[in-house]
Amino acid sequence: MADDDMSNPHLLSPPRANNGKERRNPSITPRKFRRFFTPRSRVPTRISPARQALQDLAIPFVSNRYQTPAPSSPLLPSTKDHQRDENIDDLDIRLPKRRKFQHTPDSSPCRPSLMTNPIDGRMSPSPSTRSALLSPIRSLHSIQENIDSDQEESEDELPSQPKPLKRLVPLTSRGFAGQLAQRQMGGMPRAGRSFMSFPTADWRIHTADFYSRPDDVHSCVSHDGPGRCIPFCAAACHRNSLTAVGDEEGRVRLLESSGGPAEPFSRIHLCFQAHSNAIIDLDFSDDDHRLATASGDQTGRVIDMMTQTPISILQHHTASLKQVRFQPGKSNSSVLATSSRDGSVQIWDLRCSGPLVQDILAPQERETALRFRRPLPKQGCAVNSLYHAHARTSRQVQQATAGQGDTPSRRELPARIGDVSVTALQFLPEGQEHLLLTACEADASIKLWDIRSIHSSRQKVPSALSATTPPSSHLNWRPFGISSLSLNTDGSRLYALCKDNTVYAYSTAHLILGHAPELSTRNGEPPRRRHNAVTHQGLGPLYGFRHPSLHASSFYVKCAVRPERDGRSEVLAVGSSDNCAILFPTQERYFRDELSGAMSALNLENSTIATSNQQPTAIAPVEPTVRRPLFRTNSTVAISARLNDDIPIVKMGTPLVRGHESEVGALTWTNEGKLVTAGDDYLIRCWSEGREHAEDLRTGGEGEGRRWGCGWAEVGEDWDVPDDDED
C-alpha cells in the first residue's frame, strides 16, 4: 500500500519551496528594544496605580480570588480556621495552574475574596469572608464589607501619592494681621479699591531700633603723651567686622564691632603708626588687604594690612589731602584717587613701578619674633592729574568771604591762597568705574570726570564731562560747599551733604543731559570723549533731606549709606555739629506725596532740575543784573530757614541722642549693619539694632543709672505707646 502511495504523484504534497515572499529578520522597534534590553536595575520595582488597577481586573486574578472553598468543620472554633491539617502531605498540595478563562457570570466582582496561607500556600477565605459564607443572611452585608476591605488593601499596596498643595489664603482673608501686612506693603494690584498706591507704613520702623550701651564706646587715648586725641575718620572692612579709625596723631586703630564678650568694642584689636600728622580719610580695598590713607602731611599711603607696612607713598600734592578712594571693578584694587586742598585730584596706579623711598622709618613696637623681610615702599605713580578741578568763578571770588571755607585744623598744613579745596570724591559703581565724581568747598556743583581722558585739548586744561547746576536757593543767597558724597545700594541715587544743612539727592542716570555715551553700560567698554568736547549740563538735585538737629558747620562732617543687604533696609546716616548723628530713610515711597506735590507746582523756567534745550556749553554761573547784599552770620540754625527752595524737602529723620557731647564728624557702616560714629569728644561709639533695648532706654527713665553712658534713637513719644493705649 505504501508503494502505491509513492507511485501516485497526485497523492504527494508539493515541496515547500520559496513562494516568492522573502523572509526577513524581525525588525527591532524602540518598544521591543526597551522591553527586552532594559536592565533589571533600571526597571521600577513599584507598580504604578494604573498597572495595579489593570492587574486587579485580569481574569486569572478574579478567578483565583473568587473560588468557593470547602466548608470548614463546625466542630473547630472560628479562630482555628486557618490551621493546617497534619494528615495532608505537603507534596499532595498542588497550586492552581494558570489557565485561560472566558467571561462568565461566575467571575463577578461581587464574589468574596480569598487569602493565601503563607504556610501551605492554600487559598482560604479571610475571617470576614468565612463568616459570610457560613451565614447566608449576612452575605449581602459581608460582600459590601469585603469590597471595602479590598479597596483598603489595594490602597495600601499602591504607592503613596504626594498630597496636593493647599491653596494660599489671600491677605484679605487673614484677619487683622493680613490687613496690617497689606497696608504696610501697599496691597496687591487687583480690581476694585483694594490696591493702595500709598501704603501707610511708618518710616520710623527703619530707624527706631538703634541703641548703644556703655560697652559699645571706645575712648581715644593718646599714644604720644597723657590725654586723649580726636578721631578724624573711620572706614569699615568689607568682609569682616573690623573698623579702622584714624586720629590726629597719625595712628590707625582697628576695633572689633561684632560685640563679642571675648573682644569688646572698647578694646583695641590692633594699632600702628601710619603718618606723622593727622589722618584725614581712610578707605579699604575690596578684598580688605590694602588700606589707603590721606594725611595732613601732604601725602597718602597704601598699607599692606598683613604686615601693617606701607607699600606705596603718594606724594604729588602741595597741601594736605582731603579724601582717598579705591576704584571698584576690574582694577583689582590697584587704582585709586586722592583729592587735596590744593585743588587737584591725582589718579594713582599701583601696578606702575616707581622709585624706592628711603626715608620711611620702620614701624615701632614691632614684635621681633616675626622676623620678616620688609620691602621698602615705592613712590606712587600718578597716571592722571586734575589741576584746578573746581576753579572759582568771578562771583564766587566776590562771595568767598560770605561763608567759612575749608579751614585746616591745628595739625594740618594750609593751602595756597586762591586754591579751591576738593572736599569729596566718589567713583561710580562697577561697570562705570571709569567715571569719577568730585565736589568742592566753593559751591554745590558736582562734576563728572572720565579718568581715561581728562584733557580734551592740547593745552592740558582739565575738562569735565558734566557739571550739575547748584540749587536755585544758592543763587539767591550765597554758594555753599559740599563735604561728602555717597551712593545708594544700586547706584541710582547720589547723596551730597551740603554746608546749608541739607543732604541733596541726585539721579546718577541724569548726570549728563542729552546724549551721554559715557554713561552707557552696553556693548562692552563705553567710548571715550571726543576731542575739544565741552562740559555738558547735568541735572540738579531731585529733593533734599533736612532735620532740626542737622548742622554741617565744618567740612569734617560726613555722610554714609547702609546698603540694602541680608534683610536690612537702606538707611542714610549723616553727622552733625549738634552732637548727634541723623538717620534718614531712603525709600522714596515714604515721601511720595511731597515729591508729587512739589513736582506739580514746579516752574520749569527757573528750576535747576529742568532739562535744558540749548546746546551744551561750558558751565558758568549767570551774573545777576542787580547785586544782592551779602550778610555774614555765624548762626547755622537760620540758614535753612532763609533759603527759598524750589525742590521737595523731606524732614523725616531720627537723631541718635545722648551718644556724644560734641560734633559728630566721621561715621561708617560695618558689614553687619552697625553704625560707628566718631566725635570731637574723643569717643568712638558703635550703634546696634534692637527693638526691646531701644524701647527700654526711651521709656525706662533715669532711675538707677539705667541710661548712663547709653544712646538711643529719638523717634517721638507716640512710637512706644502700646496699641491698646492709643485713643
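Rules and cut-offs
Residues numbered from 1 in each chain as written. Predicted model: local features only at pLDDT ≥ 70, side-chain atom pairs only at ≥ 80, totals over all residues. Heavy atoms only, no water. Helix = DSSP H or I, 4+ residues; strand = E, 2+ residues; numbered from the N terminus. Buried < 20%, exposed > 50% of the residue type's maximum accessible area, 1.4 Å probe, protein only. Contact = heavy atoms within 4.5 Å. Areas by Shrake-Rupley, 256 points an atom, 1.4 Å probe, with all protein chains shown as cover. Arc of directions from axis to C-beta. Pairing = 2+ DSSP bridges. Axes fitted to C-alpha atoms, helices over the stretch in contact; angles between N-to-C directions. Polar contact = N/O pair within 3.5 Å; in protein donor to acceptor, adjacent residues only side chain to side chain.

(A) Quick peek at the overall build of the protein. Looking only at helices and strands, the protein has 12 helices and 35 strands in total. Out of the 727 residues in the protein, the part that is buried amounts to 44%. For the protein, the proportion of contacts with a sequence separation of at least 24, taken over those separated by at least 6, is 63%. Entry remark: accessible area of the protein is about 42,200 Å², with carbon and sulfur atoms responsible for 51%.

(B) Inspection of helix H12 (residues 691-699) at higher detail. Residues of H12 that are buried: Ala694, Leu697 and Arg698. Each buried residue of H12 sits inside an arc of 100 degrees when the element is viewed along its axis, so together they form one side. Exposed residues on H12 whose side chains face more than 90 degrees from its buried face are Glu692 and Thr699. For H12, the secondary structure elements touched by its buried residues are strand E3 (210-212) and strand E35 (711-713).

(C) Main features of the side chain of Ser483. Following the sequence through the fold, Ser483 ends up in strand E22 (residues 482-487). If near-sequence neighbours (up to four positions away) are discounted, Ser483 is found in contact with Thr423, Ala424, Leu497, Phe555, Val557 and Lys558.

(D) Molecular detail of the sheet that holds strand E20 (residues 447-450). Read across the sheet, 5 strands follow the order E18-E19-E20-E21-E25 without closing on themselves; strand pairing throughout is mixed. Either end of the sheet is taken by a strand with one partner, and the two such strands are strand E18 (422-427) and strand E25 (536-538). Across this sheet, the average inter-strand angle for adjacent strands is 25 degrees, counted without regard to direction. By the bridge criterion, 5 bridges tie E18 to strand E19 (residues 435-440) in an arrangement that is antiparallel. Each bridged residue has a counterpart across the sheet, and for Gln426 the counterpart in E19 is Leu437.

(E) Region of interest: the environment of Glu570. Within the secondary structure, Glu570 is located in the loop between strand E27 (559-562) and strand E28 (571-574). For Glu570, a relative accessible area of 8% puts it in the buried group. C-alpha separation for the pair Glu570 and Gly673, spaced 103 residues apart in sequence, amounts to 9.6 Å. When neighbours within four sequence positions are excluded, Glu570 is seen to be in contact with Asn488, Thr489, Tyr495, Val561, Arg562, Glu564, Thr586 and Gln587. A polar side-chain atom of Glu570 sits 2.4 Å from a polar atom in the side chain of Thr489. A polar contact is formed between the side chain of Glu570 and the side chain of Thr586, at a distance of 2.7 Å.

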